[in-house]
Amino acid sequence: MEWLKELNEQQKEAVLSTEGPLLVLAGAGSGKTRVITYRIAYILNMGLASPANILAITFTNKAADEMKERIKRLVSTQSFSEMWVSTFHAACARILRMEAHNIGFSNNFVIFDTQDRNQLLKECFDKLNIDTERLDIRYVSRQISNFKNQLIGPSDVYRYGEVDGRVVEVYKLYNKLLREYNAFDFDDLLYYTVVLFQTNPDILEKYQNKFKYILVDEYQDTNHAQFYFVYLLSQKHRNVCVVGDDDQSIYSFRGANIKNILEFEKVFSDAKVIKLEKNYRSTKTILSAANEVIKNNYYRKSKKLWTDNLEGEKIFLYSAFDEVNEAEFVASSVKNLIESGLSPSEIGVLYRTNAQSINFENVLSAYSVPYKVVGALRFYERKEIKDIIAYLRLITNPHDDLSLFRIINVPRRGIGNSTIEKIKVLSEEYGVSAYIVLLERAKFDFDKKTYEKLKGFISLIEDLKAEAENLSVSQTIKLVLDKTEYLESLLSSKNEEEFQRAKNIEQLISAAAIFEEENEEPTLQNFLNSITLSSDDEDTQKEEKVSLMTVHAAKGLEFEVVFLTGLEEGLFPLVRAEEPIEAEKELEEERRLCYVAITRAKKLLVLTYANNRRVFGRLSSRQRSCFIEEIPQKYIQVVNSPIIKTHQKFSVKINQAEDFSINNLQVGNKVQHGKFGVGKVVWLSDDMREVIVDFEKIGQKRLLLSYANLKRI
Ligand code: ATP
Ligand code: MG
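Description of the structure in this document. Here the structure is a predicted model, which is why all the values come from computation and not from measurement.

Reading the values: rules and limits
- Residues numbered from 1 in each chain as written.
- Chains lettered and ligands numbered in written order.
- Predicted model: local features only at pLDDT ≥ 70, side-chain atom pairs only at ≥ 80, totals over all residues.
- Heavy atoms only, no water.
- Helix = DSSP H or I, 4+ residues; strand = E, 2+ residues; numbered from the N terminus.
- Areas by Shrake-Rupley, 256 points an atom, 1.4 Å probe, with all protein chains shown as cover.
- Lys, Arg positive; Asp, Glu negative; His and termini not counted.
- Charge placed at Lys NZ, Arg CZ, Asp CG, Glu CD.
- Core = buried A, V, L, I, M, F, W, Y, C linked by side-chain atoms within 4.5 Å.
- Buried < 20%, exposed > 50% of the residue type's maximum accessible area, 1.4 Å probe, protein only.
- Contact = heavy atoms within 4.5 Å.
- Near = heavy atom within 4 Å.
- Polar contact = N/O pair within 3.5 Å; in protein donor to acceptor, adjacent residues only side chain to side chain.
- Nonpolar A, V, L, I, M, F, W, Y, C, P; charged D, E, K, R; others polar.
- Pairing = 2+ DSSP bridges.
- Salt bridge = Lys/Arg side-chain N within 4 Å of Asp/Glu carboxyl O.
- Expected span 1.5 Å × (residues − 1).

### A few points about the overall build of the chain
Per the secondary structure count, the chain includes 27 helices and 24 strands. Considered along the principal axes of its C-alpha atoms, the chain spans approximately 80 × 75 × 50 Å. Within the structure as shown, the chain displays about 31200 Å² of accessible surface, and the carbon and sulfur contribution to it stands at 48%. For the chain, the distance from the average site of its 96 positive side-chain charges to the average site of its 103 negative ones is 3 Å.

Structure follows, in structure tokens:
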């Protein structure tokens with residue numbers, strides 16, 4: 001096993017201590033994941049177990065695939081198909097596929113996603129006559145999820161203190177219906193696997209015997225159910241190895257409990273603890289910056305983390321005028337770096353919320369840079385965006401059946417599947433669009449109650465059509481949101497996922513506002529066309545792509561160059577409306593996120609923020625993030641133009657002594673405007689919000705700088 005040389009002493013000890021409980025508690029980039037991978041390879045190579053005896057848990061499916069690949073490279077002659085390397089959810093689903101009949105489900109159960117789950121909850125509310133105005137459905141959803149993550153069943157709820165009785169009612173009914181549908185939601189996969197083990201000792205024993213070696217990566221982000229699952233399974237052989245970093249615990253909003261890692265030694269009293277202190281990933285500068293930031297957290301185990309790596313470049317900081325300028329800076333830099341030989345897959349663009357991806361997507365595609373959005377759909381493929389776009393399409397063309405069926409019951413207006421089926425049949429029969437069926441036939445072919453609902457839908461679309469005629473695209477989107485009340489429910493949500501959905505819609509409006517500025521004929525039809533085009537250039541299966549992702553999705557990954565964007569107060573750290581509770585703790589979680597983000601970078605870290613950002617299409621001025629202030633000045637170099645790479649060094653591109661940012665626009669500068677062409681700045685307001693440009697073609701024009709999207713030339 002030549003490859004044992006690729007480990008330092010502590011890592012080797014962790015790999016070789018195969019028997020008994022082991023905790024590896026260590027900072028970012030210190031080789032925790034490497035320890036897990038090599039440990040599995042070692043166990044197999046030594047013949048301590050066969051692949052079927054291994055259970056390795058990773059945080060994402062992608063990480064699982066990567067780990068499997070690495071192990072295969074280290075181990076020669078084994079059949080790997082029997083080795084379980086997966087997420088908790090996938091492992092539990094696999095167990096339940098074989099065993100669910102023991103707890104009253106059938107093995108061919110279905111798994112409910114968030115949408116199915118919300119729909120079912122709504123059904124429960126209806127059945128129990130609970131008004132969704134009086135009890136927030138998402139609140140209940142969150143409560144139920146918390147209960148399940150803590151292994152608290154409906155009948156145990158009261159033992160855990162004050163709980164709203166209606167929540168318990170819903171919880172009971174919800175679980176009953178899930179059982180009737182033979183369905184599990186995500187939380188159930190773990191919950192019921194634990195129930196299975198608890199109620200069937202023989203089955204538990206079977207799996208305890210099978211899994212001689214259990215390994216868990218990113219242990220700091222496990223919840224109670226996951227802890228208990230591991231605990232139960234490891235009771236026989238007790239060869240359980242967990243690795244993690246309390247500073248990277250970033251999923252408490254999903255019930256992750258940092259106690260699991262901090263109290264591992266209590267639960268497994270004979271546990272061995274190994275600390276890794278050498279970071280192999282980042283330059284000294286990047287690591288120091290990360291250490292300086294995380295130092296500000298009070299709730300943490302302090303740890304040493306050092307590196308032998310070079311000092312490296314300073315951390316670049318770019319102050320953008322607005323989010324478009326930010327995206328242009330990032331995209332130009334990315335393009336330069338790729339042109340100078342860096343592989344696109346070595347570049348990561350990180351942001352705090354999914355909604356921010358759209359600006360980068362737009363500019364990167366304009367620059368023909370290959371990219372992928374990791375862990376999320378591309379912007380225009382997201383459900384809420386598709387919903388809104390379906391409304392817009394229907395407004396421009398009511399005979400677009402696909403769009404009609406997409407939103408006829410979104411948000412829910414009581415038009416069920418059987419009605420929809422019937423509309424389809426009728427439209428087939430008469431050879432007309434569904435819309436015509438609704439207009440002409442609804443009165444005759446549906447019962448009164450259904451007819452009323454259909455009529456409501458038709459008049460909604462008719463109203464939208466009529467009003468949209470005199471509105472801009474962004475105003476039309478707002479109108480759709482108003483009339484359908486699409487946004488209301490999402491905005492008030494504390495559920496991360498729904499909150500992100502609301503943010504996405506907000507971004508769509510901003511994108512429309514930008515579109516209006518940049519296009520000569522900013523009609524709704526043209527807007528829809530432009531969207532169709534940008535979502536159409538589907539990837540050509542080339543692997544080499546720039547990764548765009550949220551910081552959450554970047555956990556465990558690493559890139560040569562990382563752009564950490566949107567570093568503004570309110571955005572990163574993210575502040576949610578009406579959420580002052582435990583502000584301090586939340587700030588600490590945001591700071592851990594920032595630590596995760598910074599430590600993804602190997603050679604170069606680039607920080608950006610926008611001084612202005614559109615919120616629902618309206619520009620608001622921003623303050624840069626407190627996290628930037630926490631990095632000592634000496635590590636930072638402010639840059640004004642895109643980054644390039646020359647030989648081994650990164651630097652900025654100084655283009656005819658001009659800087660790229662329009663922050664420093666001055667009277668006399670030559671600029672280009674998407675619609676009006678080339679012109680010269682003749683006046684600037686003191687606050688830099690307004691500008692008068694003398695265009696060659698059309699003469700003087702007063703513009704709002706933030707919207708005009710001027711480029712210096
Ligand atoms: P994170 O906390 O971000 O999950 P980690 O502790 O899991 O990080 P790894 O991803 O395992 O760290 O390792 C970080 C980088 O350092 C990887 O590129 C890995 O290949 C490299 N590395 C780890 N250990 C060594 C070593 N002993 N020698 C050389 N390179 C190493
Ligand atoms: Mg790791």
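The discussion continues.
### Looking at the nonpolar core
By size, the foremost hydrophobic cluster in this structure holds 52 residues, and its most contacted members are Y380, L404, I408, I423, F457, I477 and F527. Setting aside anything within four residues of it in sequence, one finds I408 in contact with R413, I415, I420, I423, L438, L454 and F457. Ranked by size, the runner-up nonpolar core spans 43 residues in total, among them I57, V216, A225 and F227.

### Observations concerning the site of ligand 1
Taken together, the neighbourhood of ligand 1 is formed by 19 residues, with K32, T33, Q248, E558 and R600 sitting nearest. The separation between an oxygen atom of ligand 1 and a polar main-chain atom of S30 is 3.2 Å. Summarising the interface, the protein chains cover 82% of the accessible area of ligand 1, which totals 630 Å² for the free molecule. Classifying every residue of the shell around ligand 1 by side-chain character gives three nonpolar, nine polar and seven charged.

### Notes on the sheet that holds strand β20 (residues 670-673)
Spatial strand order, β23-β22-β21-β20-β24: five strands in an open sheet with antiparallel pairing. This sheet does not close on itself; its edge strands, each paired only once, are β23 (699-704) and β24 (711-712). Two strands pair when backbone bridges link them, and β20 and strand β21 (residues 677-684) are joined in this way by four bridges, in the antiparallel orientation. Opposite Q672, over in β21, you have V678 as the bridge partner.

### Notes on the pattern of salt bridges
Inspection of the entire model under this criterion finds 48 salt bridges. Linking R166 and D164 is a salt bridge whose minimum nitrogen-to-oxygen distance equals 2.9 Å. Looking at R166, the relative accessible area reads 34%, which means it is partly exposed. One continuous salt-bridge network, built from bridges that share partners, spans R117, K148, D185, D187 and D188.

### Regarding helix α3 (residues 61-74)
For α3, with 14 residues, the first-to-last C-alpha span of 20 Å sits near the 20 Å given by 1.5 Å per residue. Buried positions along α3 lie against α2 (32-45) and β3 (84-86).

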